[in-house]
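# Working through the structure, step by step
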Amino acid sequence: MVGRSALDTAAQIGRWGALGADTIRALPKVGIWGRLILGQMARIGVDSVPIALFIATFTGVVMALQASYTFTGAVPLYFVGTLVGKTMVLELGPVLTGLALSGRVGANIAAELGTMRVTEQIDALETLAYDPVAYLVVPRILAGFIMFPVVVILATSAGIAAGWLTSLQLLDMSTPEFMKGLRLFFEPWDVQFAVIKSLSFGITVTSIGCFFGFTTHGGAEGVGLSTTRAVVVSSMVILVLDAFWAATLL
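In this report, we go over the structure that sits alongside the text. Since the structure is predicted, the reported quantities are computational estimates derived from the model, not experimental observations.

What counts, and where the lines are drawn
- Residues numbered from 1 in each chain as written.
- Predicted model: local features only at pLDDT ≥ 70, side-chain atom pairs only at ≥ 80, totals over all residues.
- Heavy atoms only, no water.
- Helix = DSSP H or I, 4+ residues; strand = E, 2+ residues; numbered from the N terminus.
- Buried < 20%, exposed > 50% of the residue type's maximum accessible area, 1.4 Å probe, protein only.
- Areas by Shrake-Rupley, 256 points an atom, 1.4 Å probe, with all protein chains shown as cover.
- Lys, Arg positive; Asp, Glu negative; His and termini not counted.
- Charge placed at Lys NZ, Arg CZ, Asp CG, Glu CD.
- Polar contact = N/O pair within 3.5 Å; in protein donor to acceptor, adjacent residues only side chain to side chain.
- Contact = heavy atoms within 4.5 Å.
- Core = buried A, V, L, I, M, F, W, Y, C linked by side-chain atoms within 4.5 Å.
- Salt bridge = Lys/Arg side-chain N within 4 Å of Asp/Glu carboxyl O.
- Phe/Tyr/Trp six-rings, centres within 6.5 Å; stacked < 30°, edge-to-face > 60°.
- Axes fitted to C-alpha atoms, helices over the stretch in contact; angles between N-to-C directions.
- Parallel < 35°, antiparallel > 145°, perpendicular 65-115°, else oblique.
- Left-handed = near helix turned anticlockwise from the far one by under 90°.

### So, the overall build of the chain
Of the regular secondary structure elements, the chain holds ten helices and zero strands. Listing each helix as α and each strand as β along the chain from the N terminus yields α-α-α-α-α-α-α-α-α-α. By the burial criterion, 43% of the 250 residues in the chain qualify as buried. A total of about 12300 Å² of accessible surface is found on the chain, and carbon and sulfur atoms cover 70% of it. When the 14 positive and 15 negative side-chain charges of the chain are each reduced to one mean point, those points stand 3 Å apart.

### Quick look at the side chain of S235
Among the structural elements, S235 can be located in helix 10 (residues 219-249). At 2.9 Å, the side chain of S235 and the backbone oxygen of V231 are in polar contact. With residues up to four places along the chain from it excluded, the contact list for S235 reads L99 and S102.

### A word on the environment of I32
Tracing the sequence through the fold places I32 in helix 2 (residues 30-33). Each C-alpha atom of the pair I32 and P139 lies 9.2 Å from the other, and the pair is 107 residues apart in sequence. Residues within four places of I32 in sequence aside, it is in contact with Y130, A134 and Y135.

### Some remarks on the nonpolar core
Counting residues in each nonpolar core, the largest one holds 57 residues, and the members touching the most others are V80, V84, L113, V133, L136, V137 and F214. Beyond its immediate sequence surroundings of up to four residues, V137 is in contact with L19, T23, P132, C210 and F214.

### What to know about the pattern of salt bridges
In the structure shown here, the tally under the stated rule is eight salt bridges. The salt bridge involving K197 is made with E91; its shortest N-O contact spans 3.5 Å. Note that K197 is positioned in helix 9 (residues 188-214) and E91 in helix 5 (residues 79-118), a separation of 106 residues in sequence. The exposure class of K197 is buried, given its relative accessible area of 0%. One salt bridge in this structure joins K197 and D242, with 2.6 Å as the shortest N-O distance. Of this pair, K197 sits in helix 9 while D242 is found in helix 10, placing the two residues 45 residues apart along the sequence. D242 shares its class with K197; the two are buried.

### What about the packing of aromatic side chains?
What the rule picks out here adds up to four aromatic pairs. Ring geometry for F54 versus F58: centroids 5.0 Å apart, planes at 55°, classification tilted. Here F58 and F54 lie together in helix 4 (residues 49-71), a separation of four residues that amounts to about one turn. Looking at F58, the relative accessible area reads 49%, which means it is partly exposed. Measuring from ring centre to ring centre gives 5.2 Å for F211 and F212, while their planes differ by 70°; the resulting arrangement is edge-to-face.

### Re the packing of helix 3 (residues 37-44) against helix 7 (residues 132-170)
Put simply, helix 3 and helix 7 touch, their axes get as near as 8 Å, and they point 50° apart. Overall, the two elements helix 3 and helix 7 adopt an arrangement that is oblique. As for how helix 3 packs across helix 7, the hand of that crossing is right-handed. In this structure, helix 3 uses I37, Q40, M41, R43 and I44 to contact helix 7, whose residues at the interface are P139, R140, L142, A143, G144, I146, M147 and F148.

Quick look at the structure:
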């Protein structure tokens, strides 16, 4: 059983890599995917902003409250701004947004392409000598690559703003105190690090969703299984990449 699982996993990774190679070869076909990318950017990025802002806002509130509870009587209260800013930029903003979007975006892509596969729409494109990778995969991956950093930056900003408002209303802090803590250990590299992580998360979520959608079989049950696998695998890879980038870049 262990051997079969290992071989199946290796085969899946190989097929995922083959789809990535096909995607790179399809990039010059701008005439096919160029007119589709704006629509995918709206679906993947703009439509994901509300859920990302919702998660980040309440994360910022909780971070401020827990920081004040932890620092009571031991550390100056302005360190609340330091903890909220540093944690949201480096970790919680990109990772929580990536996990949320893996459920929303990855599941949507896998279900959509999986339905097209089991209803033979992708086969029809191939029969008509129309490259399905250029038509279906490239615009989604490029849209994820472009829009994930935008959503992450918006979510991180919302989380820090929520922490600031919470500090003003509930912790008896002033704006200068919060800003003092926020600027204390801030470095421009922190934002670059968050953008690098979000770029990798965008490619991961969209490519895994496309892969499981393309390899769907078994009718409606297969579509559901592919959707579940896309979300689970995307979440796992995001956490692995999070550890990898921390160990490599920090």
